[in-house]
Amino acid sequence: MWDLASGKLLRSITDAHPPGTAILHIKFTDDPTLAICNDSGGSVFELSFKRVMGVRTCESRCLFSGSKGEVCCIEPLHAKVELRDHPITQYSLLAMASLTKILVIGLKPSLKVWMTFPYGRMDPSSVPLLAWHFVAIQNSVNPMLAFCRGDVVHFLLVKRDDTGAIHVTKQRQLHLHYDLINFTWINSRTAVLLDSVEKLHVIDRQTQEELETIEISEVQLVYNSSHFKSLATGGNVSEALALVGEKACYQSISSCGGQIFYLGTKSVHVMALRSWRERVDHLLKQERLTDALALAWSFYEGKAKAVVGLSGDTNKRKAVIADRMVEILLHYADRTLKKCPDQGKIQVMEQHFQDVVPVIVDYCLLLQRTDLLFNQIYDKMGENSVAKGIFLECLEPYILSDKLMGITAQVMKDLLLHFQDKNRLENLEACIVHMDITSLDIQQVVLLCWENHLYDAMIYVYNSGMNDFISPMEKLFKVIAPPLNAGKSLTDEQVVMGNKLLVYISCCLAGRAYPLGDIPEDLVPLVKNQVFEFLIRLHSTEGSVDEEVYPYVRTLLHFDTREFLNVLALTFEDFKNDKQAVEYQQRIVDILLKVMVENSDFTPSQVGCLFTFLARQLAKPNNTLFVNRTLFDQVLEFLCSPDDDSRHSERQQVLLELLQAGGIVQFEESRLIQMAEKAEFYQICEFMYERELRYDKIIGCYLRDPVRKEEVFNYIHNILSMPGYSAEEKRLVWQKALEHIEELLLLSPCKAADLVAIHFSEQIERIITNLQDQFLLFQFLRSLLDPREGINQDLIHLPPCISEQFIELLCQYSPDQVLETLKVLEYCRLEEAIQITQKHQLHEASSYLLEKKGDIHGAFLVMLEQLQSKLLMLTQDDESSAEQPLLENIEDTLMKTIALCQRNSHNLDQQQREALWFPLLEAMMSPQKLAGSSQCRYSESLKSLTMQVLNNMAAFIALPSILQRILQDPVYGKGKLGEIQGLVLGMLDTFNYEQTLLETTTSLLNHDLHWSLCNLRASVTRGLTPKQDYCCICLQQYKRRQETADEIIVFSCGHLYHSLCLLSKECGTVTKGLMRWMCYKCNSSNKGGKLIENFSELKKGSGASSAQTSSESLLDPQQIQAFDQLCRLNRGTSRLALLTELSRGHGGEKHGLLSVSHGDPATSSVFQNENFQLHLAPPPLAED
């Protein structure tokens, strides 16, 4: 123990800890007579120093024994001088960290454990760290203990309650991505962390933000590994403590007074936080002025972290920082001007100043130093014209966001001139209306606004600067009134002015300032009165002698009647209990009526807008207006004038709006309906009838209205199907619709039929009887009966005669659609339908019906007769021009006839098939017998068609029969086979193709069967592997039983049994002299009625030795089982069925030619099965 002041050795302590251990830590508490030491055995001792009679003594007391866990880090709580009176200091707290837990104990007044905190499993090589510091939380200062081992830092807050008890609470954890070897508080808000790769991390405790990272590997930090391994005493420490010691550097790092000392192998390094000035100056030295200003502003706002050197209250700190920022800003401005590129493009200079000037302006405004901005800095920027322009443009966003209201007169003047020179007048106007009026030169601004048509700015200056709300209106009226009075169309600019005028008037009457803000409350009544007095002036101030009365109202009505009246309507909403305002209201209404009703230069729409406006005002409950009812009658006469066909829809729409706005109370309803019908205002009639609940009358309105005719169907359907209407009302509508059914059909047969099917299904026969127009009846029946029209056929139940009537009309008006319609028609008597189609000579339709009836031969004869007649026309026609369409017609008829034969040949016997196919073949060959040189042009086509007949009939008629029939023909039987040589050769080629295909298919099937059998053989000859080495019944190992009669039975499922055990469970039966075994577990677990038999392989012998039974020519039960399993895995079309089907082709009815059948497939054919497919992929390799 040394006296550092004199360098004198005070005492040597030899019995402070057990011998043979090294001292890891020794630290004083706040009591200079009390120290704590920790040795390499993991024990902690208290050293109490005393001086008795001049003799220095030391007493040692064990606080923690290493046998209960090795402590490798201790940290007593130290309090600064100003905190020595803190109530918690009297306990002399000590934190200890072992390899598994943390302890906080109190040394005074008596030894007591206040907290034990086990921290679970950690990386055994990580170092436990402890660090105390007093922090301010919730208006109180208390010690906080930081503990870390690995990459997680735990913060523990220690408090003392009123009873004197110590409470430790967990705070937020800090999760890191690196392992720590040291944790040091530098102040209550900032900690410095050292990781295992010797990088320093400065961390803000509250936000857990990493502020800075520094590499300190050049320090060459000294580690305490030798002490932790106790090399001086023989290394008698635990492996765990020695492993921690690899990274231990407790004694090499110390903190004092905001500084941290690092002990290196050759030097000592000191780390400290820079003061706020030093941090700013550091950035300035690097010429990072923008970053320096941002950092200084974060100090100003109090958002910066790890701040050192700022003291005093908030205002004092802000004043100090603001002064420093002003210095930086002035320096920034000087530097910007000095570093401006002297040469080069103007864009380069602009970019240079755009990077800098906005920053200066921004911080001046943040500091609220407009004096600095517009005096010193503006004067500096004025030295360079480009910098000055950029400066002025930077002010725009602050002006528009109302952050900069006041500007010096000189700057404002320069701003106006700059925007004017740049022709950015819209930006200039937007700035003016946001400026404080006192900073503007009013004369200059007004002149500028008039010259450049900046009306918003002009209005703002007049209103705010001179409290003049009338002059802007007068000036705007002078611009838009002359063209309107002359009947000319306005330019786009004049339209914009007119809209601004309307909005301005609306704002003034509503008490709002234009274009933004509000009029001062004391001026609102005065402004309203002035605006009203101005609008209702009898003449303008500079009007000519022939000027019409009320020019301002007249101009606004001509400009936009609807919007002007909307402005007045909004204004009238605010008139509550204001006698003068009510007088203005009545007066302006009288003026409106005088101007519009007594003049003919307003359109019906404009007049209608006026009276709609009046109707709405009169309909209000607190209405005070008076309007002569005669005027409404005059408007009605004007709108319903039958002599005026112009603007018919416009006049009707205006009157409808007038009625809907409440104007109906001003009219006599019967007279209104009479005039509306006379003027053909059917929407008005509908409105009136709907008020009177006369819905049936509305149907006539729809039917007579050319614009809305189609809507009548929806209207009728809604009335008849929706709730809310009485039964009598629905009955009248139903009856009215029935009376007008013919008109509805003329309008849309499809929609009318839909309506009839839903609501008039019982009246269909009556409707059909009453319809005189046959074509209209045909359209109605088609829409009603044809399912393709979309009507639900379940809604209608008609007698068959109606369907036959429809077919009759269909044959007359649309014969091409008869066949397709018959295919979808649901209710039809076949005999009557056949007679109708035969009457109209529709052969295809007759054939279809005969086939549907079951008379296949009759249907065939109809088609054959039609084919023969067309062939006869071909042979007799000398016109080559008609040959091609006729050939196409013959081919079409032939294809339909062949399809008929194909559809029905499957259900006929051989004789009946020949009765179909041979006459068809004869019909095609007979024209060729008569063919001469003149018919050679179509002989090739006929031969091609005949070949198609042969190809198709070969699927149903045996090839010998076809050849015999051809050769028996008188023409070909006399040796003239040259004509049919092509047909015969074609048939033989097709036969060869079919034979090759059959052989190939058979070969593929044989290969497939061979692969399956090989796979089966490999499966059944492979040895079985049991799942366990004991019997599944007696649970004894099969090796231990030595009975000679006992055999080992192994099943394919993997279960193993003794044969005697299986017999005891009746799982073996004798069949044909062979023992058949069943797996006991598999059969007992099967809940179904059918047992699954797993046939085993019988292995003869005893114990572990066994030999397989000799193979025989027949499949044994095990092979049968494996074969069944393989069949299940490769389940598909039966090969036997395939071979049977193929062999059937070699019988008496062998297919002569392979053709695609278009008819119904035979149900017994394997090839027609949708699951049929050939497995032509190469087989997988069998397992070894």
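Look up a bit, the structure's there.
Treat the numbers as computed from the prediction; the structure is a model and nothing was measured.

**Here's the deal with the nonpolar core**
Counting 247 residues, the largest nonpolar core has Phe391, Leu395, Ile432, Phe780 and Leu920 as its most contacted members. With eleven residues, the top contributor of residues to this core is helix H17 (residues 551–573). Residue-level mapping places this core at the junction of two domains, with at least three residues from each of domain 2 (277–404) and domain 3 (693–772). Not counting chain neighbours up to four residues away, the residues in contact with Leu920 comprise Phe860, Leu864, Leu867, Leu894, Thr897, Ile898, Cys901 and Val949. Listed in part, the 53 residues of the second largest apolar core include Leu93, Leu99, Leu145 and Leu193.

**Some thoughts on the pairing of strand S25 (residues 1068–1071)**
Relative to strand S26 (residues 1074–1077), S25 runs antiparallel, the two sharing four bridges. What sits directly across from Val1070, in S26, is Met1075. Following S25, the chain reverses through two residues before pairing antiparallel with S26; Lys1072 in that reversal takes a positive phi of roughly 50 degrees.

**Some words on the pattern of salt bridges**
Applying the stated criterion to the full structure yields 30 salt bridges. The partner of Arg731 in a salt bridge is Glu728, and the shortest N-O contact between them spans 2.6 Å. With a gap of three residues between them, Arg731 and Glu728 both fall in helix H26 (residues 727–739), about one helical turn apart. Take Arg731: its relative accessible area is 39%, and that puts it in the partly exposed class. Residue classification places Glu728 among the partly exposed positions, given a relative accessible area of 42%.

**Observations regarding unusual backbone geometry**
With an omega of -10 degrees, the peptide bond running from Lys108 to Pro109 counts as cis. Here Pro109 is to be found in the loop between strand S9 (101–106) and strand S10 (112–118). In the segment running from Tyr514 into Pro515, the intervening peptide bond is cis, with an omega of 5 degrees.

**Examining the layout of surface pockets**
Taken as a whole, the largest pocket spans an internal volume of roughly 1,500 Å³. In this structure, the largest pocket is lined by 45 residues; those nearest its centre are Trp132, Thr184, Trp185, Ser255 and Cys256. Top contributing element to the lining of the largest pocket by residue count: strand S11 (residues 129–137), with six residues.

**So, the sheet that holds strand S20 (residues 253–256)**
With antiparallel pairing, three strands are arranged side by side in an open sheet as S20-S21-S22. Of all strands in the sheet, those with a lone pairing partner are S20 and strand S22 (268–272), marking the two edges. The mean angle between the axes of side-by-side strands here comes to 25 degrees, regardless of whether they run parallel or antiparallel. Inspection of the sheet shows S20 paired to strand S21 (residues 259–263) by four bridges, in the antiparallel sense. Across the sheet, residue Ser254 finds its bridge partner in S21, namely Phe261.

Analysis parameters
- Residues numbered from 1 in each chain as written.
- Predicted model: local features only at pLDDT ≥ 70, side-chain atom pairs only at ≥ 80, totals over all residues.
- Heavy atoms only, no water.
- Core = buried A, V, L, I, M, F, W, Y, C linked by side-chain atoms within 4.5 Å.
- Buried < 20%, exposed > 50% of the residue type's maximum accessible area, 1.4 Å probe, protein only.
- Helix = DSSP H or I, 4+ residues; strand = E, 2+ residues; numbered from the N terminus.
- Domains from an automatic or database assignment.
- Contact = heavy atoms within 4.5 Å.
- Pairing = 2+ DSSP bridges.
- Salt bridge = Lys/Arg side-chain N within 4 Å of Asp/Glu carboxyl O.
- 1 Å grid on protein atoms, 1.4 Å probe; cavity = no way out; pocket = protein on both sides within 12 Å on 5 of 7 lines; lining within 4 Å.
- Points joined across faces, edges and corners; volume = space filled by probe spheres on them.
- Axes fitted to C-alpha atoms, helices over the stretch in contact; angles between N-to-C directions.

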